[in-house]
Every structure is written in structure tokens, then in C-alpha cells.
Amino acid sequence: MMEIKHKKGDKNGYFYYEKDGNELAQMAYVWAGADKLIIDHTEVDDSLKGQGIGKKLLAQLVDFVRAEKIKVIPLCPFANATLQKTKEWQDVMA
């Protein structure tokens with residue numbers, strides 16, 4: 001079972017997957033006020049390509065923003081394309 005973790009700071013944060021202490025995938029965001037965050041970068045190690053890790057990171061982020069009642073501005077091309085294609089996630093977009 002793959003565990004996605006979350007590191008949250010005052011101005012930014014990221015969701016990530018690590019194995020043996022190495023971060024292999026990350027979706028980073030910055031806060032845009034108190035009620036929005038901007039997804040600005042997604043990166044997945046080549047060893048994990050094609051395994052849906054990016055989508056798993058985004059799923060965790062969607063759960064987080066729904067729980068916090070905030071919206072997302074997806075500047076990252078991957079996050080934007082995935083949110084546009086996934087109808088059940090479009091409610092989180094600003």
C-alpha cells in the first residue's frame with residue numbers, strides 16, 4: 001500500500017510519496033490567501049512513471065482542500081489537465 005504524506009507550512013506545502021527515506025514524487029502548492037491554494041508543481045521520479053502516482057497525490061490534495069473548505073488554482077499543467085478531466089473533482093477548482 002502506497003502512503004501519500006503531507007507537509008504543510010504557513011506559506012506553502014506539498015503532498016509526497018517516499019520510499020526508503022527518499023522522496024520519489026511530490027505535488028507542491030503555495031497558499032493564495034486563507035481560502036485558496038495554487039498547485040504549482042508536480043514531479044514523479046522516472047522509476048514510478050505510469051503507476052498513477054501523480055493522480056494519487058492529487059486525490060490526497062483534493063481530500064485536503066475539501067476538508068478545509070478551500071479552493072484550488074491549478075497552475076501546474078498536470079494538475080490542471082487532471083482536474084479538468086475528472087468531473088468529481090471539479091468542485092474544488094477556484
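Everything here concerns the structure above.
Note that the coordinates shown come from a computational prediction; the quantities given were computed from them, not determined experimentally.

Draft legend 1. Region of interest: the overall build of the protein. Along its length, the protein carries 2 helices and 5 strands. Pairs at least 24 residues apart make up 39% of the contacts formed inside the protein by residues separated by at least 6 positions. Total accessible area on the protein is roughly 5,700 Å²; 48% of this is exposed by carbon and sulfur atoms.

Draft legend 2. Molecular detail of helix α2 (residues 77-85). Residues of α2 that are buried: A79, T82 and L83. Relative to the axis of α2, the buried residues are bounded by an arc of 100° and lie together on one face. Opposite its buried face, α2 presents the exposed residues P77 and K85, each directed more than 90 degrees away. The inward-facing, buried residues of α2 abut β3 (22-31), β4 (36-44), α1 (53-68) and β5 (71-74).

Draft legend 3. Examining the nonpolar core more closely. Counting residues in hydrophobic clusters, the biggest one holds 25 residues, and the most contacted among them are L37, I39, L58, L61, V65 and V72. Counting only elements with at least two residues in this core, the list comes to β2 (12-19), β3, β4, α1 and α2. Considering each element in turn, this core owes the most residues, 7 residues, to α1. Beyond its immediate stretch of four places on either side in the chain, V72 contacts L37, I39, L61, V65, L83, V92, M93 and A94.

Draft legend 4. Main features of the pattern of salt bridges. Per the counting criterion, the structure on display carries 2 salt bridges. Across the pair E18 and K5 runs a salt bridge, and its minimum N-O distance is 2.8 Å. In this pair, E18 is assigned in strand β2 and K5 in strand β1 (residues 4-8), connecting sequence segments 13 residues apart. Measuring nitrogen to oxygen at the nearest pair gives 2.7 Å for the salt bridge that ties D91 to R66. Taken together, the residues span a long stretch of sequence, with D91 in the segment after α2 and R66 in helix α1 at a distance of 25 residues.

The rules we used
- Residue numbers restart at each chain and count upward from 1, following the sequence in its written direction.
- This being a predicted model, a pLDDT of at least 70 is required before a residue's local features are given, and a value of 80 or more before pairs of side-chain atoms are given or counted; all residues contribute to the totals for chains, interfaces and linings.
- The side-chain quantities take in all heavy atoms of the structure and omit both hydrogens and water.
- Only DSSP runs of H or I covering at least 4 residues are called helices, and only runs of E covering at least 2 are called strands; the numbering of each starts at the N terminus.
- We call two residues contacting when some pair of their heavy atoms lies within 4.5 Å.
- Residue-level accessible areas treat just the shown protein chains as cover; the underlying method is Shrake-Rupley with a 1.4 Å probe.
- The rule is simple: take the accessible area with a 1.4 Å probe, protein chains only, and divide by the maximum for that residue type; under 20% is buried, over 50% is exposed, in between is partly exposed.
- Note: the arc covers the axis-to-C-beta directions of the helix.
- We call a set of buried Ala, Val, Leu, Ile, Met, Phe, Trp, Tyr and Cys residues a nonpolar core when their side-chain atoms join them within 4.5 Å.
- A carboxyl oxygen of Asp or Glu within 4 Å of a side-chain nitrogen of Lys or Arg is what we treat as a salt bridge.

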